Amino acid sequence: ADLLSRALDFHGFLGVIPPERYGGRQDADWQALGAELVVLGQVERSQYGVVLDLRMNDIQEGRLVLARRYRCAPRDQGAMIRKFCDEAILKLTGVPGISSTKIAFVSDASGHKEIWLADVLGEEMRQVTHHRFLAVCPRFSPDGRILAYTSYHRGNPDLYMTDLSQTKTTRAVSRRPGLNMAPAWSPDGRTLAITLSRDGNSDLYLMTPGGKIIEQLTKNAGLNVSASWSPDGSRLAFVSDRAGTPQIYIMDVKTKAVSRLTFQGNYNTSPSWSPQGDSIVYSGRQGGQYHLFTISPQGGTPVQITHGGGDHESPCWAPDGRQIVFARKIGGRQEICAIFRNGSGLRPLFPGKGNQSFPQWSPRLELATGFSVQ
């Protein structure tokens, strides 16, 4: 019940009545408590595993909204709860929830800056890389099964990929001299937009997941980094200092036509395209600090969504487009935070796990668990 409450609350638009108000009873007077919806559940354990029955009722209309029965091993019970939460959010909003998603980030909790992976509630957290050296810029494949990242453990920033199921070994994808940095998967998973500096200048290239260069996208027009695909795969947002300061630009991938997007501020970086394609979030320097801004891909006036002390960097959208994850640095401490797209609800996600940076929100994941649904 506690896990389901926190998973529902994470989405930001559902208030949860604390158990002490109704004594933890299933036969409480929900209308008197002011509840609009109630989730009732029953767990049965046997030598064969766990059976969990869950149903969500609309109190005001007196009808059943959602009912599910799950059978699984005890270790998968949390996954069942999250799956039910995401289905409940789908029933209420028309868009599936995100409590089953993951966030990859860099943490120095092990003594080295390595890639870590956590669920959004911080219940399950594990270290992915073990290079004992600097690893940065994790990027999920569109199916969420592969994580691409850059590691410096061989003395050069090289590109690697690892299978998150841990059934295959990590492999090197690009060890070209200079930068092999910030790979951005195309929506169809067939190509990566990556920054290489093999010819001296930092430029964007299209590359296969196997490491073969398809074509060069930019050439000697300043430094070009931090690519982010539009949801339809037709355009790239990226950072370039071709006009003198780092700004956000948009490229048509087919024609290579480039237009400048940001004009406010003299240092704008780390663009991330929303899943709906209607907004780009980026980090910009404002009054000596870095804050998050959103802007339409068609241009216009950006909207500042973070305020207060500290630097707010490396933003990335949740797959439902309602939230943004980012790294906030205050004093000497850096932590992963989430915020709703309107600037409300800023909160840290994984306290106590070292200094954290470079967050990346996974797509919705197919649950690799051995349970059945009825």
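Q: Run through the layout of surface pockets, naming residues and quoting values.
A: Its volume calculated, the second largest pocket comes out at about 950 Å³. Lining of the second largest pocket is provided by 35 residues; of these, Ser5, Val16, Tyr22, Val38 and Val39 occupy positions nearest its centre. Of all the secondary-structure elements, those providing two or more residues to the lining of the second largest pocket are helix 1 (2-10), strand 1 (37-46), strand 2 (49-58) and helix 2 (77-93). By residue number, the principal contributor to the lining of the second largest pocket is strand 1, which donates seven residues. For the lining of the second largest pocket, the residue count by class is 22 nonpolar, eight polar and five charged.

Q: Outline the pairing of strand 12 (residues 192-196), listing residues and values.
A: Strand 12 sits mainly inside the fold: five of its five residues count as buried. Burial along strand 12 is two-sided: the residues Leu192, Ile194 and Leu196 and Ala193 and Thr195 are all buried. Pairing analysis gives four bridges linking strand 11 (residues 180-185) to strand 12, with the strands arranged antiparallel. Opposite Trp185, over in strand 12, you have Leu192 as the bridge partner. Hairpin remark: strand 11 followed by strand 12, antiparallel, with six residues in the connecting loop; positive phi at Gly189, about 75°. Note that strand 12 and strand 13 (residues 203-207) share five bridges and pair antiparallel. Bridge pairing links Ala193 to Leu206 in strand 13.

Q: Any details on the nonpolar core? Residues and values, ideally.
A: Within the largest apolar cluster, 35 residues are counted, with the highest numbers of intra-cluster contacts made by Ile103, Leu349 and Trp361. At the level of elements, helix 1, strand 2, strand 3 (63-72), helix 2, strand 4 (102-107), strand 5 (114-119), strand 24 (323-330) and strand 25 (333-340) are the ones that each hand at least two residues to this core. Other than its neighbours up to four places away in sequence, Leu349 contacts Phe10, Ile103, Val120, Val325, Ile336, Cys337 and Ala338. Judged by nonpolar contacts, the second largest core, of twelve residues, contains Leu206, Leu217, Trp229 and Met251.

Q: Got a sec to walk through the packing of helix 1 against helix 2? Specific residues and values, please.
A: Where helix 1 meets helix 2, the axes come as close as 9 Å, and the angle between the chain directions of the two elements is 40°. Here helix 1 lies oblique to helix 2, going by the angle between them. Both helix 1 and helix 2 take part in a crossing whose hand is right-handed. Contacts between helix 1 and helix 2 involve Leu3, Leu4, Ala7 and Leu8 from the former and Gly78, Ile81, Arg82, Phe84, Cys85 and Ile89 from the latter. Grouping the constituent residues of the contact of helix 1 with helix 2 by class yields eight nonpolar, one polar and one charged.

Q: Could you give me a rundown of the sheet that holds strand 14 (residues 213-216), with the residues and numbers involved?
A: The strands making up a sheet associate through backbone hydrogen bonding, with each pair oriented either parallel or antiparallel. Judged by pairing direction, the sheet is antiparallel, and its four strands sit side by side in the order 11-12-13-14 without closing on themselves. Both outer strands of the open sheet, strand 11 and strand 14, are each paired with one neighbouring strand and no more. The mean inter-strand angle of the sheet, taken between neighbouring strand axes irrespective of direction, is 30°. Alignment of strand 13 against strand 14, held across three bridges, turns out to be antiparallel.

Q: So, empty space enclosed by the protein: which residues are in play, and what are the values?
A: One water molecule sets the probe size; rolling that probe over the atoms shows where empty space is left. A complete count under the given rule lists one cavity of 30 Å³ or more for this structure. Forming the walls of the largest cavity are Gln264, Gly265, Asn268, Tyr282, Gly284, Arg285, Gln286, Phe293 and Pro302. If you tally residues by element for the lining of the largest cavity, the top one is strand 20 (residues 280-286), at four residues. Of the residues contributing to the lining of the largest cavity, the split by class is three nonpolar, five polar and one charged.

The rules we used
Every chain's residues receive numbers from 1 upward, in the order its sequence appears when written. The predicted nature of this model means local features are confined to residues of pLDDT at least 70 and side-chain atom pairs, given and counted, to a pLDDT of 80 or more, with totals for whole chains, interfaces and linings taken over all residues. As a rule here, side-chain values come from all non-hydrogen atoms in the structure, and water together with hydrogens is ignored. Of the two site types, the cavity is a set of points on a 1 Å grid over the protein atoms alone where a 1.4 Å probe fits but cannot get out, and the pocket is an open set with protein on both sides within 12 Å along at least five of seven lines, each lined by residues with an atom within 4 Å of a point. Grid points are joined across faces, edges and corners, and a volume is the space filled by probe spheres set on the points. Secondary structure elements follow DSSP: runs of H or I no shorter than four residues count as helices, runs of E no shorter than two count as strands, and numbering proceeds from the N terminus. Classes in brief: Ala, Val, Leu, Ile, Met, Phe, Trp, Tyr, Cys and Pro nonpolar; Asp, Glu, Lys and Arg charged; the others, Gly included, polar. Burial status follows relative accessibility: with a 1.4 Å probe on protein chains alone, a residue under 20% of its type maximum counts as buried, one over 50% as exposed, and anything between as partly exposed. A pair of strands is labelled paired if DSSP reports no fewer than 2 bridges between them. Throughout, nonpolar core names a set of buried Ala, Val, Leu, Ile, Met, Phe, Trp, Tyr and Cys residues whose side chains join them through atoms within 4.5 Å. By definition, residues are in contact when any of their heavy atoms lie within 4.5 Å. Where helices are involved, their axes are fitted lines through C-alpha atoms of the stretch in contact, as for all axes, and angles between N-to-C directions lie from 0 to 180°. Under this scheme an angle from 65 to 115 degrees is roughly perpendicular, one under 35 degrees roughly parallel, and one over 145 degrees roughly antiparallel; angles in between are oblique. Here a crossing is called left-handed whenever its near helix is offset anticlockwise from the far helix by less than a right angle, and right-handed whenever the offset is clockwise.

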